[in-house]
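Commentary on secondary and tertiary structure
So you can see what is in the structure, the chains are spelled out below.
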Amino acid sequence: MTTIAVVDYGMGNLRSVSKALEHVAPFAGITVTSDPDVVMGADRVVFPGVGAMPDCIRELESRGLKQAVAEAVASKPFLGICLGMQALFGHSEEGDVAGLGILPGTVRRFPAEAMVDDKGERLKVPQIGWNQVHQAMSHPLWNGIADGARFYFVHSYYVEAGSPELVAAFTHYPFAYASAVARGNLFAVQFHPEKSQAAGLSLLGNFVAWDGSC
Amino acid sequence: MALAKRIIPCLDVTAGRVVKGVNFVGLRDAGDPVEIARRYDEQGADELTFLDITASSDERDLILHIIEDVAAQVFIPLTVGGGVRSVDDVRRLLNAGADKVSINTSAVTNPQLINDASARFGSQCIVVAIDAKQVSAEGEPLRWHVFTHGGRKDVGLDAVEWAREMERRGAGEILLTSMDRDGTKIGFNLDLTRAVADAVNIPVIASGGVGNLDHLVDGVTKGHADAVLAASIFHYGEYTVRQAKEHMAKHGIEVRL
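Residues numbered from 1 in each chain as written. Chains lettered and ligands numbered in written order. Predicted model: local features only at pLDDT ≥ 70, side-chain atom pairs only at ≥ 80, totals over all residues. Heavy atoms only, no water.

1. A look at the overall build of chain A
Looking only at helices and strands, one finds six helices and 14 strands in chain A. Relative to a compact globule of 214 residues, whose C-alpha radius of gyration would be 17 Å, chain A shows 16 Å and is just as compact. Taken along the three principal axes of its C-alpha coordinates, chain A extends 50 × 40 × 30 Å. Summarising the internal contacts of chain A: among those between residues at least 6 apart in sequence, 72% fall at separations of at least 24. In the form shown here, chain A has an accessible surface area of approximately 7,700 Å², with 51% of it arising from carbon and sulfur atoms. (Helix = DSSP H or I, 4+ residues; strand = E, 2+ residues; numbered from the N terminus. Rg over C-alpha atoms; globule rule 2.2 N^0.38 Å. Contact = heavy atoms within 4.5 Å. Areas by Shrake-Rupley, 256 points an atom, 1.4 Å probe, with all protein chains shown as cover.)

2. Digging into the overall build of chain B
Counting secondary structure elements, chain B contains 10 helices and 12 strands. By the compact-globule yardstick of 18 Å for 257 residues, chain B fits well, its C-alpha radius of gyration being 17 Å. Overall, the C-alpha framework of chain B stretches about 50 × 45 × 40 Å when taken along its three principal axes. Looking at chain B residue by residue over its 257 residues, the buried ones come to 59%. A fraction of 65% describes how many contacts in chain B between residues 6 or more apart in sequence connect residues 24 or more apart. Averaged over its 28 positive side-chain charges, chain B has a centre that lies 1 Å from the centre of its 37 negative ones. (Buried < 20%, exposed > 50% of the residue type's maximum accessible area, 1.4 Å probe, protein only. Lys, Arg positive; Asp, Glu negative; His and termini not counted. Charge placed at Lys NZ, Arg CZ, Asp CG, Glu CD.)

3. Focus on the pattern of salt bridges
In the structure shown here, the tally under the stated rule is 24 salt bridges over all chains. One salt bridge connects Asp226(B) with Lys124(A), and the closest N-O pair in it is separated by 3.2 Å. Remark: Lys124(A) occurs in the loop between β7 (103-109) and β8 (127-132) and Asp226(B) occurs in the loop between α8 (213-221) and β12 (227-230); the pair is interchain, linking two chains. Classification of Asp226(B) by relative accessible area gives buried; the value is 13%. Taking the shortest distance from any N to any O, the salt bridge between Glu161(B) and Arg164(B) comes out at 2.6 Å. Residue Glu161(B) and its partner Arg164(B) are both found in helix α6 (residues 159-169); the two are separated by three residues, about one turn of the helix. By relative accessible area, Arg164(B) is classed as partly exposed at 32%. Through salt bridges with shared partners, a single network forms among Arg6(B), Glu47(B), Lys100(B) and Glu173(B). (Salt bridge = Lys/Arg side-chain N within 4 Å of Asp/Glu carboxyl O.)

4. Points about the interface of chain B and chain A
Counting residues at the interface gives 41 residues for chain B, matched by 30 residues for chain A. Surface buried jointly by chain B and chain A totals about 2,800 Å² across both partners, of which 51% is contributed by carbon and sulfur atoms. Among the residues chain B hides against chain A, the three largest losses belong to Leu3(B), Phe75(B) and Arg256(B). Together they make up 27% of the total. Here chain B is connected to chain A by three salt bridges. With a shortest N-O distance of 2.8 Å, Glu254(B) and Arg150(A) are connected by a salt bridge. Viewed at the interface, chain A and chain B are joined by 21 residue pairs in polar contact (both at pLDDT 80 or more). Going through the elements one at a time, α2 (62-71), α3 (87-96), α5 (112-121) and α7 (190-199) of chain B are the ones with two or more residues in the side of chain B that touches chain A. When the residues that make up the side of chain B that touches chain A are grouped by side-chain class, the tally is 22 nonpolar, six polar and 13 charged. (Buried area = accessible area lost by both parts, 1.4 Å probe. Polar contact = N/O pair within 3.5 Å; in protein donor to acceptor, adjacent residues only side chain to side chain. Nonpolar A, V, L, I, M, F, W, Y, C, P; charged D, E, K, R; others polar.)

5. Quick word on the packing of aromatic side chains
The tally for this structure, following the rule as stated, stands at 14 aromatic pairs over all chains. On the numbers, 6.1 Å between centres and 65° between planes, the contact of Tyr40(B) with Phe234(B) is edge-to-face. Here the residue Tyr40(B) occupies a position in helix α1 (residues 33-43), and Phe234(B) occupies one in helix α9 (residues 232-235), the gap between them amounting to 194 residues. Here Tyr40(B) and Phe234(B) have matching classes, each one buried. Through pairs of rings, three or more aromatic residues link up here, namely Phe110(A), Tyr158(A), Tyr173(A), Phe175(A) and Tyr177(A). Across the ring face of Phe147(B), the terminal group of Lys133(B) is positioned such that the distance to the ring centre comes to 4.9 Å. (Phe/Tyr/Trp six-rings, centres within 6.5 Å; stacked < 30°, edge-to-face > 60°. Lys NZ or Arg CZ within 6 Å of the ring centre and 35° of its normal.)

On their own, these measurements won't tell you what the molecule is for.
Next up, the structure:
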């Protein structure tokens with residue numbers, strides 16, 4: 001039985017993530033946990049989260065989870081979701097804090113002056129709703145998911161990846177930004193697969209079946 | 001191609017059943033909430049909103065069980081509102097499986113709740129519901145006030161200003177209901193919708209008065225809404241969510257099909 005640790009560091013409601021994982025992997029051992037030992041002992045790790053980056057980093061530190069997350073990224077199939085993607089990068093404009101520094105890049109706020117679409121209509125921040133995810137590489141986690149499929153997003157900050165080969169998918173709002181990144185056994189998405197109906201469940205199912213290679 | 005406009009079926013729930021009335025009175029039974037939620041999900045609903053209109057507090061916990069059941073089967077965003085008074089109420093709904101919580105009367109009586117709840121759980125899960133009615137007389141510049149108690153009590157706040165204030169306090173979205181229109185099937189109040197949608201930077205969901213699919217199109221193109229919410233046109237099988245989306249797409253609106 002594969003074991004999946006969903007990292008709980010007090011940032012948002014993780015119930016929907018664990019429910020969706022249970023749905024795609026009814027026979028897996030899924031644990032929502034803030035125990036670093038459980039994270040390090042699991043076969044695969046999901047790192048979700050919503051909320052503000054400064055709180056996120058502080059909570060990870062106070063629970064002793066920074067090291068466990070770093071070790072999981074280095075050793076087993078790892079899926080970051082939303083804030084759990086952003087936290088992997090070097091720096092965030094949100095609160096001007098350092099992230100975990102596992103991936104090169106910066107987390108930036110959608111700049112107010114740029115938020116106009118090609119028809120001249122104003123775009124709201126946060127971006128809330130279903131946007132297209134354009135696949136930038138072939139990857140086991142995209143199996144069975146159409147290029148350009150829509151996923152559910154909720155965010156005010158986006159990742160500016162420090163290296164183009166990290167970008168697994170991009171999305172336009174209104175400019176192209178990295179909506180998924182991948183490196184080795186690490187995959188991370190800005191959108192919420194647990195709330196993205198069939199496409200999201202496919203991605204989670206692919207993650208559960210993934211051996212961590214590309 | 002870009003962000004899609006959302007269609008959000010709304011389920012008014014009391015004592016464990018979905019109901020629908022006109023101007024909040026004359027409620028008719030419309031079915032089992034879990035069954036209806038599944039049907040809308042299969043039709044391509046972008047989100048679901050549950051409004052708990054249960055009057056007695058001892059039946060309040062029923063909504064928690066309903067949300068738990070829906071969240072285990074339907075993997076799209078779920079918003080729950082009705083009777084939310086405290087940060088603890090928000091927490092209980094989120095723990096039951098809600099992704100967002102909609103706050104209406106308590107935002108008026110205790111605006112600090114919006115600051116506290118968004119600081120605790122993040123703006124992305126705090127929706128402020130505004131029930132508005134036109135108060136300007138014929139020939140005057142248009143003005144709308146915020147109403148509570150199902151549209152009976154004018155609290156003396158300008159609806160557009162109130163939406164701005166809610167954004168400042170941390171709301172992530174505004175659910176705007178035109179109380180003059182709710183249940184009437186004559187379409188959204190487009191002046192109100194546009195005034196609020198243009199005044200804030202956060203998304204606005206238009207609600208109240210949808211009677212046909214053109215009304216949904218108007219809400220987006222003329223009302224500048226980011227999402228449209230409707231109840232009765234879907235509950236009684238007049239239209240499916242998919243038909244609504246196809247109609248919007250035909251009018252050049254980007255939707256998730």
